[in-house]
Amino acid sequence: MRFSVVDIGYDQRQVDSCLNELGVRLSRLAARAAGAAGAGRKWDEIREEAAGLCGLLQRLDLGDVARRPADAADRETAEREAAELLLRARLEFDSAREEARRVREQVYTEAVQARRELEAALYARQCRAARVDQILGGPAEAVPADTPTAASAVGPSRVAQ
């Protein structure tokens, strides 16, 4: 971005517009970093936005500022503020990355526990099913021939007579 040179420095409207755009983009970047824990595509968007902001700052034509002693101090201040903003953004990004790592580990632990519980429930079900099959489908116990039964208590049957 280039600024028009006027009698007292740069065109204030252009500088304000540039700063407003940077403020909006940095606010969006901070919001994305806060909400992006665990989302891979969001991290890519944040990296692209950060790269775009770095490119915007590198494209600023501040060559005329160095020629004026008062403006050189302004440039140093702006560069220092930009470096601070970049450092804060990196710290927030690292913090968001760490939070995403913690969430990922927690979700993995919960998934492993859920799988173990499911496997235990399936094993218990298989044991119950095997026991039912054993009870219902197993061979009938042989009854010895001399065991008294209900039919033997009635007396001789009429068919035999």
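Bear in mind that the values here come from a model prediction, so they are computed numbers and not experimental data.

Peer 1: I would appreciate a short explanation of the overall build of the protein in the present structure.
Peer 2: Across its full length, the protein holds 3 helices and 2 strands. Beginning at the N terminus, the succession of helices and strands in the protein can be written as β-β-α-α-α. Within the protein, the proportion of its 161 residues that are buried is 14%. Sequence-distant contacts, at least 24 apart, represent 63% of the contacts inside the protein between residues at least 6 apart.

Peer 1: I would appreciate a short explanation of the nonpolar core in the present structure.
Peer 2: The tendency in soluble globular proteins is for nonpolar side chains to be buried as a group. Residues Cys18, Leu22, Leu29, Ile46, Leu53 and Phe93 constitute the largest nonpolar core, which totals 6 residues. When residues of this core are traced back to their parent elements, those giving at least two are α1 (12–35) and α2 (40–59). In terms of residue count, the dominant contributor to this core is α1 (3 residues).

Peer 1: Is there a simple way to explain the pattern of salt bridges in this structure?
Peer 2: Between side chains of opposite charge, a pair can form as their charged atoms come close. This structure, assessed with the given rule, holds 8 salt bridges. In this structure, the salt-bridge partner of aspartate 94 is arginine 97, at a minimum N-O distance of 4.0 Å. You can see aspartate 94 and its partner arginine 97 sitting in helix α3 (residues 69–137), 3 residues apart, about one turn around the helix. Judged by its relative accessible area of 42%, aspartate 94 falls in the partly exposed class. Assessed through its relative accessible area of 44%, arginine 97 is described here as partly exposed.

Peer 1: Which parts of the structure should I look at to understand the confidence of the model for the protein?
Peer 2: Close reading of the predicted structure is inappropriate where its pLDDT is low. Averaged over all residues, the pLDDT of the protein equals 76, while 64% of them reach at least 70. The lowest-confidence element of the protein is strand β1 (residues 5–6), averaging 64 in pLDDT; the highest-confidence one is α3, averaging 87.

Peer 1: What is the right way to read a nonpolar patch on the surface from this model?
Peer 2: The grouping of Val132, Ile135 and Leu136 at the surface amounts to a nonpolar patch, some 330 Å² of accessible area in total. Take isoleucine 135: it is sitting in helix α3.

Procedures and definitions
Residues numbered from 1 in each chain as written. Predicted model: local features only at pLDDT ≥ 70, side-chain atom pairs only at ≥ 80, totals over all residues. Heavy atoms only, no water. Helix = DSSP H or I, 4+ residues; strand = E, 2+ residues; numbered from the N terminus. Buried < 20%, exposed > 50% of the residue type's maximum accessible area, 1.4 Å probe, protein only. Contact = heavy atoms within 4.5 Å. Core = buried A, V, L, I, M, F, W, Y, C linked by side-chain atoms within 4.5 Å. Salt bridge = Lys/Arg side-chain N within 4 Å of Asp/Glu carboxyl O. pLDDT = per-residue confidence, 0-100. Patch = residues over 30% accessible without salt bridge, like charges linked within 9 Å, V, L, I, M, F, W, Y side chains within 5 Å. Areas by Shrake-Rupley, 256 points an atom, 1.4 Å probe, with all protein chains shown as cover.

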